[in-house]
Every structure is written in structure tokens, then in C-alpha cells.
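Below, each chain spelled out in residue letters.
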Amino acid sequence: MDKMKQETADLTQENIARIGELFPNVITEMKDENGKLKKGINFDLLKQELSGDVVDGEESYNFTWVGKKASIVEANTPIRKTLRPCIEESKNWETTENLYIEGDNLDVLKLLQESYLNSIKMIYIDPPYNTGNDFIYRDKFMMDEEEYEKKIDLHDEEGNLLFKNTETRGRFHSSWCSMMYSRLKLARSLLTEDGVIFISIDDNEVHNLKKVCDEVFGEQNFVDFFLWTKTSTPPSLSKKVRKTVEFLLCYEKEKNNQSFFGSSLDNGDAPLLNTGNPYRTLVFPPNSIQFTFFDSGTIEARNYSKVELLNDVVVKSFRNTNEVSFSGEFKWSQEKLDEEIALGTYFIVKSDKLSLRFQRKEDKKNFKAPNNLFSDIELNKSSNVATNESAVKELIELNLDGFFDYPKPTSLLRKLTKMVTHDSPGSIIIDFFSGSATTAHAAMQLNAEDGGNRKFIMVQLPEPCDEKSEAFKAGYKNICEIGKERIRRAGDKINKEIEEGNKQLKLGEEPKKPVDIGFRVLKVDTTNMKDIYYAASEYTQNLLTDQISNIKEDRTDLDLLYGVLLEWG
């Protein structure tokens, strides 16, 4: 029972809660005068959030790293860039609701803040894994080895190196954490209040990523680690362990009661008794139990095989006509039993052992949550989540073989998307490390399966293809060109399969509608406007002609329109 506090509200804690809603990463723990833990504010971090420059102060473990404050500044710093439409590389420009954006995802996430604030239901990313080598996202807070060593006082007074860096030296952990921190901060604001993010990661940075996400999203919004069996043929060279799984971290923007879709209930009957459950007494109302082995009469109260019948049951036409009480190791409480009966669940007794079983009323809204292991074999049942090997086969089917080393299978992305959007099939999904565009392929495929209208936003840096690679030999200059072609081919294949399936419909069956397989290509570029700000001493006679129009000469009306759309959200 709730007790009255007999005191006014703790405004300090309420203010802390409000600040935590805006900046969950500044919430920390501290001890009160009685030594008990309470929520508090890390004011150094809060000052950094409200500052456009790096705030002075010693950085120490909190979780922290060299360059963390600079990454916060980088996330909060405005940019003078825009998104320019590219119709010639798009598909179904006039009708599609999907986007493919080329450019650094840090810039893109900033540019999308106005238009997609609190609008994205699901984010999936497969960021570059930290293998101990540098990576291509060279943000302002990245640092070279000499700068890093100076920052952490790696040398003694005589200039000698205090310790030797390992292959996975801290410089790369710091750079990787900084790269992820700024992007995740921006990504969080795009999520709807019940939005969800999934992040694929291997064991090199999984622990650091968990700490970063705890700060950005709030530790209380962590859902779980999901494990994906990435290969059926793990490397056999290791003497310690053959790695078969990768991790998927899952966070909600705000903790909520939304259920994740795992699989539909098969509507078959299942046992209500299970050894190891608490011993309880359940009361069943009249007409709730079918005694399939007994037509009419009375079943006497006594101990049976695994259950005790506490009162005589009067059966007529295979149904109990009176209220019945059983004691046994039941899965459910009385409250759960009553909820199920209200939903139409009924109970079956098939033999004189009186082993109770339940069967739910057929309802597509009834489903069970997913297991946190995604595998070809999940608890002796197929989870329909394939491996890297299957992902390679999918690319072969699209004649894109050999272009990516470790693609994700569409079945993995379909499962994640279905988990989150099962009751909102018109949601927007974003992947800002798009790579091979598996997320777009999976969204289109899932729409074809359930008639949904999910929209995707793919973001990818146009990384050049190695001149020795198969992709370059096939004519693809960068990863974006491959990703866009994958969406084109996959989309055509999906709608062709729908068309073929409609030709084979039986009388009375509804034909499926083709899905949106198009996408508008947008590219990050400098602002559409010339830099018209000059010091007084810099003005010359020649500059006067530039003041007639401050729009850059190479910009079209469509460029200006999209610049306005971004500016106005």
C-alpha cells in the first residue's frame, strides 16, 4: 500500500529527472547524508552539453576516454551543408517515399534533425568493427598517435615512452568510441518515444559500446543483448574458441510496455502443468474445460497423476457445468488464468489423469516474444535467421557476388524489423551505416510479405572501391553505387515475385499490391548560398556583382527547394 509522504515534492529530484530526459548521459549516482545512493548530475558533462567549446577540466574514468568532450562538441556543432537531390540516380522519384543519402553520416544525422525529429521507429546500424586499425570516419576529434600520447602523458620527464601500445592500442578505442558517441547522440533524437535501436558489434568493442549506449540512451532503457549465429562453419585455427556469434545491442528511447514480436502462436494446445513451477490452486469457471474422454457424469475429487481435484466435477456434453478447483504445479497464477479466459482461452483434459492443457482462441494479435538467440536452430525450432553464408548467396542471386566480405542476411533484418514494427507497418527505418543496403532489401521484402508500407532511409559514405576489387572491375567506383544497384535489383525481383504469385491465386483470394521499391537519392554538399560575409577591408569593386545573388551558380530550383525543406523541417 502506498503511504503518504507528509511532505512537499523533492523539487531537486524532479529537476534532475527533467534534465535526465534531455541529457540522459549526465545522470550519475551519489551518496546522500545517510550513505544511500541517489540520482545526481555530472555538472562537468552538463556544462559540456551546453557549451560550443571543449570545457576545461581533467577527464577521468566516468566512463571516459581521450577526446570524449570533443565528440560531444562535434555532435552539437552546427554545419553549413545541405542535401542535393539527384534524380538521375534515383528510382521512381515522383512516387517513392524511400531515401538513399550519400555522405558522412555525422553530417546527415545533423541535417535530418528538423525533418525527422522523433519520427524514426527503428534504427539498425552495423558500424565498422574496431580491428586495431584506423577507420575512414576522420572526425575533428580524431587524433594521430603523437597527439594521443601527448594528451595522456604517455612519456616521462625525459621523453621516454612509459609503456608500449598493443596491437589494439587505446588510440583506436578512443577514436572508435568518439566516432560512435557523437552519432548515437544525434540518432537518439530521431527516434520516436517508443523507438528502438539495434547495433551489430563483435567482441572487440561490445563492452565499450554498452557503456557508451548506457550514457546516450540511459542504462534503464537497455533491452538486451541479442546473439546472432553468424556462421555455420567457424574458423578452426583458434586453439581457444571457435567464434560463431555476433552481438546485437538493443535500446529503447524510453522504456515502455510495447511487446516485441517473436513468433505467432500456433494455436495448438499446450500443458498448463509443468514440474518446477510453484504449487498453486486455480479455480475454473463453468464451461471452461473440455473433458474429451468423458461425455457426462461426475468426476470425484481426489489426487490424480500430477494434479489434485479439490471438488467433484459435474460434466455434461464434455463440459464442466460447475466451478472447479485444481491444485498443482501450474504455469499461471489465478490472475493470469482469468486474463486468458477473458481472451477466449479454454482448457482441455484428454485422459483420466486430468492433466490440464490450454488452447487459445485463434487471434493474430496473440504472439510470443523472441528468444535472444537468433540461429538456424533456435530451441529446436527454426528461427528463420540465416548466416553470413546465406547472405553471400543472396548477393549471388542478384549478380553482386564478391562485392562485400561480411554481408548480413535479409532474414536477420526482417526479424528485427518485424519485432519492432509488427503493429506499425507504416514506420520509418533508418540505417546510417548502410553498406550493402541489406536493411532496405529486408524492409521491401517484409512489406511484400505482410502488406506493410515501411519506409527506409539508407545513409552511406561513398567509400571508394579498391581498384583490385571485384566491384571496381565490374564498374562500381564506390560502395554507394553498389548499394543503390542492390536496391534496384532486389526491388524488381520482389515485385516480379508478387506479380507471378497473383497469377496463381485461387478463386476468392485477394491479390497482393506491388511494394514501393523506389528511392530518392540525396547527396551531402555545401550550402546552396555563397559566403557573403566579409570584413569591411575585404570589400572590393568586383565583389559588388556577387551581391546581386548569393545563390551558387551550379544550384537548381530543386536544390533550393530541398534546402528549404531541410531548413523548415
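Bear in mind that the values here come from a model prediction, so they are computed numbers and not experimental data. (Residues numbered from 1 in each chain as written. Predicted model: local features only at pLDDT ≥ 70, side-chain atom pairs only at ≥ 80, totals over all residues. Heavy atoms only, no water.)

Peer 1: Summarise the pattern of salt bridges; cite the residues concerned and give the values.
Peer 2: Once the charged atoms of two side chains with opposite charge are near each other, the side chains can pair. Applying the stated rule across the entire model yields 27 salt bridges. Asp450 serves as the salt-bridge partner of Arg454, at 2.7 Å between the closest nitrogen and oxygen. We classify Arg454 as buried; its relative accessible area is 2%. When the shortest N-O distance is used, the salt bridge between Arg488 and Glu485 registers 3.0 Å. Separated by three residues within a single helix, Arg488 and Glu485 lie in helix H13 (residues 479–503), roughly one turn from each other. Since its relative accessible area comes to 23%, Arg488 is described here as partly exposed. (Salt bridge = Lys/Arg side-chain N within 4 Å of Asp/Glu carboxyl O. Buried < 20%, exposed > 50% of the residue type's maximum accessible area, 1.4 Å probe, protein only. Helix = DSSP H or I, 4+ residues; strand = E, 2+ residues; numbered from the N terminus.)

Peer 1: Break down the packing of helix H11 (residues 438–450) against H13 for me, with residues and values.
Peer 2: The N-to-C vectors of H11 and H13 enclose an angle of 15°; their axes lie 9 Å apart at closest approach. Taken together, the axes of H11 and H13 lie roughly parallel to each other. The way H11 lies across H13 gives a crossing that is right-handed. Judged by residue contacts, Thr438, Ala440, His441, Met444, Gln445 and Ala448 of H11 engage Arg486, Ile487, Ala490, Gly491, Ile494 and Ile498 from H13. (Axes fitted to C-alpha atoms, helices over the stretch in contact; angles between N-to-C directions. Parallel < 35°, antiparallel > 145°, perpendicular 65-115°, else oblique. Left-handed = near helix turned anticlockwise from the far one by under 90°. Contact = heavy atoms within 4.5 Å.)

Peer 1: Talk me through the layout of surface pockets; I want residue IDs and the actual numbers.
Peer 2: The volume enclosed by the second largest pocket comes to roughly 1,200 Å³. Of all the elements in the fold, those that place two or more residues in the lining of the second largest pocket are helix H1 (11–22), helix H3 (68–76), strand S3 (81–85), helix H4 (105–111), helix H6 (170–190) and helix H15 (557–568). The biggest single contributor to the lining of the second largest pocket is H15, with six residues. The residue inventory of the lining of the second largest pocket, partitioned by class, reads 17 nonpolar, 11 polar and 12 charged. (1 Å grid on protein atoms, 1.4 Å probe; cavity = no way out; pocket = protein on both sides within 12 Å on 5 of 7 lines; lining within 4 Å. Points joined across faces, edges and corners; volume = space filled by probe spheres on them. Nonpolar A, V, L, I, M, F, W, Y, C, P; charged D, E, K, R; others polar.)

Peer 1: Break down the packing of helix H10 (residues 410–421) against H11 for me, citing the residues and quoting the values.
Peer 2: Relative to each other, H10 and H11 sit at 65°, their axes nearing to 8 Å. Considering the relative orientation of H10 and H11, their crossing is right-handed. From H10, Thr410, Leu413, Arg414, Thr417 and Lys418 reach across to H11, where they touch Thr438, Thr439, His441, Ala442, Gln445, Leu446, Glu449 and Asp450. The residue inventory of the contact of H10 with H11, partitioned by class, reads three nonpolar, six polar and four charged.

Peer 1: Lay out the sheet that holds strand S22 (residues 428–431) with the relevant residues and their values.
Peer 2: With mixed pairing, the 10 strands of this open sheet are ordered in space as S3-S24-S4-S23-S22-S5-S6-S8-S7-S21. Each edge of the sheet is formed by a strand with only one pairing partner; in this case those strands are S3 and strand S21 (373–374). Sheet analysis places strand S4 (residues 99–102) next to strand S24 (residues 520–526), joined by four bridges and oriented parallel. Looking at S24, one finds that Glu102 is bridged to Lys523. The strands touched by H10 are strand S5 (120–125), strand S6 (191–201), strand S7 (222–229), strand S8 (245–252), S21 and S22; relative to S5, the strand with the most contacts, the crossing angle is about 155°. H11 rests against S5, S22 and strand S23 (455–460) of the sheet, and its axis sits at about 170° to S23. (Pairing = 2+ DSSP bridges.)

Peer 1: Before we move on, could you go through the nonpolar core and cite the residues and values that matter?
Peer 2: Here is a general trend for soluble globular proteins: nonpolar side chains tend to be buried in one another's company. In this structure, Ile101, Ile123, Leu184, Leu209 and Ile457 are the most contacted members of the largest nonpolar core, which totals 53 residues. Apart from residues no more than four positions distant in its own chain, Leu184 is found in contact with Ile125, Ile197, Ile199, Leu209, Val212, Cys213, Val216 and Phe217. Leu398, Leu412, Tyr476 and Ala490 belong to the second-largest nonpolar core, a separate cluster that totals 46 residues. (Core = buried A, V, L, I, M, F, W, Y, C linked by side-chain atoms within 4.5 Å.)

Peer 1: Now, about the side chain of Gln258: what can you tell me, with residues and values included?
Peer 2: In this structure, Gln258 sits in the loop between S8 and strand S9 (263–264). A relative accessible area of 19% places Gln258 in the buried class. At a separation of 2.7 Å, a polar atom in the side chain of Gln258 contacts the side chain of Lys121. Only 3.5 Å separates the side chain of Gln258 from the backbone oxygen of Val420, close enough to count as a polar contact. Once you skip the residues sitting within four places of it in the chain, Gln258 turns out to touch Lys121, Asp194 and Val420. (Polar contact = N/O pair within 3.5 Å; in protein donor to acceptor, adjacent residues only side chain to side chain.)

Peer 1: Could you give me a rundown of the environment of Thr321, with the residues and numbers involved?
Peer 2: Structurally, Thr321 can be placed in the loop between strand S16 (319–320) and strand S17 (324–329). Linking Thr321 and Ile289, residues 32 residues apart in sequence, is a C-alpha distance of 9.2 Å. Residue contacts for Thr321: discarding those within four places in its chain leaves Pro286, Val314 and Lys316.

Peer 1: Can you lay out the packing of aromatic side chains for me, pointing to particular residues and giving the numbers?
Peer 2: For the coordinates displayed, the defined rule picks out 17 aromatic pairs. Seen in terms of ring centroids, Phe198 and Phe260 are 6.5 Å apart; in terms of plane orientation they differ by 50°. Their pairing is tilted. Taken together, the residues span a long stretch of sequence, with Phe198 in strand S6 and Phe260 in the loop between S8 and S9 at a distance of 62 residues. Between Phe222 and Phe225 the ring centres are 5.4 Å apart and the planes differ by 65°, which places this aromatic pair in the edge-to-face class. Look at Phe222 and you get buried, because its relative accessible area is 19%. Members of the aromatic cluster, connected to one another through ring pairs, are Phe217, Phe222, Phe225, Phe247 and Tyr251. (Phe/Tyr/Trp six-rings, centres within 6.5 Å; stacked < 30°, edge-to-face > 60°.)

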